[in-house]
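Each chain, letter by letter, is given below.
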Amino acid sequence: MSDDGRPPCPPDETSEPLYSVESWTMDESLGYLLSTVKGQLIARIDAELAPLDITWAQWATILKMASGKARTATELCRHSGCDTGSMTRMVDRLEQKGLVRRERGVEDRRMVFLHLTEKGQQLVPELKPIAVTVLNHFLRGFSREELELFKSFLRRMIANGDPD
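Q: Can you tell me about the overall build of the protein, naming the residues and giving the values?
A: Across its full length, the protein carries 6 helices and 2 strands. Along the chain direction, N to C, the helices and strands of the protein fall in the order α-α-α-α-β-β-α-α. The C-alpha atoms of the protein give 19 Å as radius of gyration, which overshoots the globular expectation for 164 residues (15 Å, by more than 25%). Structurally, the protein occupies a C-alpha span of about 55 × 35 × 30 Å along its principal axes. Evaluated residue by residue, the protein yields a buried proportion of 22% over its 164 residues. When the accessible surface of the protein is totalled, it reaches about 11,700 Å², and 55% of it is carbon and sulfur.

This is the structure:
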């Protein structure tokens, strides 16, 4: 394991390509499969969130704020990979629902900090169980060892994709 908990990546020069132009098909492409699973996860989470009147994207934003990983729209964009226009609209919707409030920075008035309202904070404990329920549904038939191995493979792919 590396210092950041990721499994070591094999050097590029010794790695044999696993796909070839001749054998590649979209249906068996890892990108296609990952995208399909992500879409299914989002749809299932959205269905579970419907009674709470929030979407998967709003759910993820609230959880990032609650965890302290993001205090501004810029930080939320960095963690979610979306553009600032989309995030501004997301925060607007969360603010309209009474879940988030904006507050100008005291030392730097250009900074706008985001805070969960009391209503937003009360919602947070209901969000984690939804993730647990949905993930357990998708992982039916997997052993704990298979899950850990799968996560290590994904972490390795993330490390391989880092531009460093």
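Q: I'd like a description of the packing of aromatic side chains, backed by residues and values.
A: Any aromatic ring pair is given by two values, namely how distant the centres are and how the planes are angled relative to each other. On inspection of all chains with the given rule, the structure shows 1 aromatic pair. When the centroid spacing of 6.5 Å and the interplanar angle of 35° are considered together, the rings of Phe142 and Phe150 count as tilted. The exposure class of Phe142 is partly exposed, given its relative accessible area of 41%. Of the residues examined, Phe150 reaches a relative accessible area of 36% and is grouped as partly exposed.

Q: Give a detailed account of the environment of Leu99, specifying residues and quantitative values.
A: Note that Leu99 resides in the loop between helix 4 (84–96) and strand 1 (100–104). Here the alpha-carbon distance between Leu99 and Leu149, two residues 50 residues apart in the chain, equals 37 Å. Ignoring sequence-local partners within four residues, the contact set of Leu99 consists of Ile54, Ile62, Leu94, His115, Leu116, Thr117, Lys119, Gly120 and Leu123.

Q: Could you give me a rundown of the pattern of salt bridges, with the residues and numbers involved?
A: If you walk through the whole model with that rule in mind, you get 5 salt bridges. Measuring nitrogen to oxygen at the nearest pair gives 2.8 Å for the salt bridge that ties Asp92 to Arg102. Taken as a pair, Asp92 in helix 4 and Arg102 in strand 1 lie far apart in primary sequence, 10 residues in all. Residue class for Asp92 comes out partly exposed when judged on its relative accessible area of 29%. Notably, a salt bridge pairs Glu148 with Lys151, separated by 3.3 Å at the nearest N-O pair. You can see Glu148 and its partner Lys151 sitting in helix 6 (residues 144–161), 3 residues apart, about one turn around the helix. Taking relative accessible area as the criterion, Lys151 reaches 30% and is therefore assigned partly exposed. A single network of salt bridges, built from pairs that share partners, joins Asp92, Glu95 and Arg102.

Each value, and the rule that gives it
Residues numbered from 1 in each chain as written. Predicted model: local features only at pLDDT ≥ 70, side-chain atom pairs only at ≥ 80, totals over all residues. Heavy atoms only, no water. Helix = DSSP H or I, 4+ residues; strand = E, 2+ residues; numbered from the N terminus. Rg over C-alpha atoms; globule rule 2.2 N^0.38 Å. Buried < 20%, exposed > 50% of the residue type's maximum accessible area, 1.4 Å probe, protein only. Areas by Shrake-Rupley, 256 points an atom, 1.4 Å probe, with all protein chains shown as cover. Phe/Tyr/Trp six-rings, centres within 6.5 Å; stacked < 30°, edge-to-face > 60°. Contact = heavy atoms within 4.5 Å. Salt bridge = Lys/Arg side-chain N within 4 Å of Asp/Glu carboxyl O.

Purely geometric numbers; function is a separate question.
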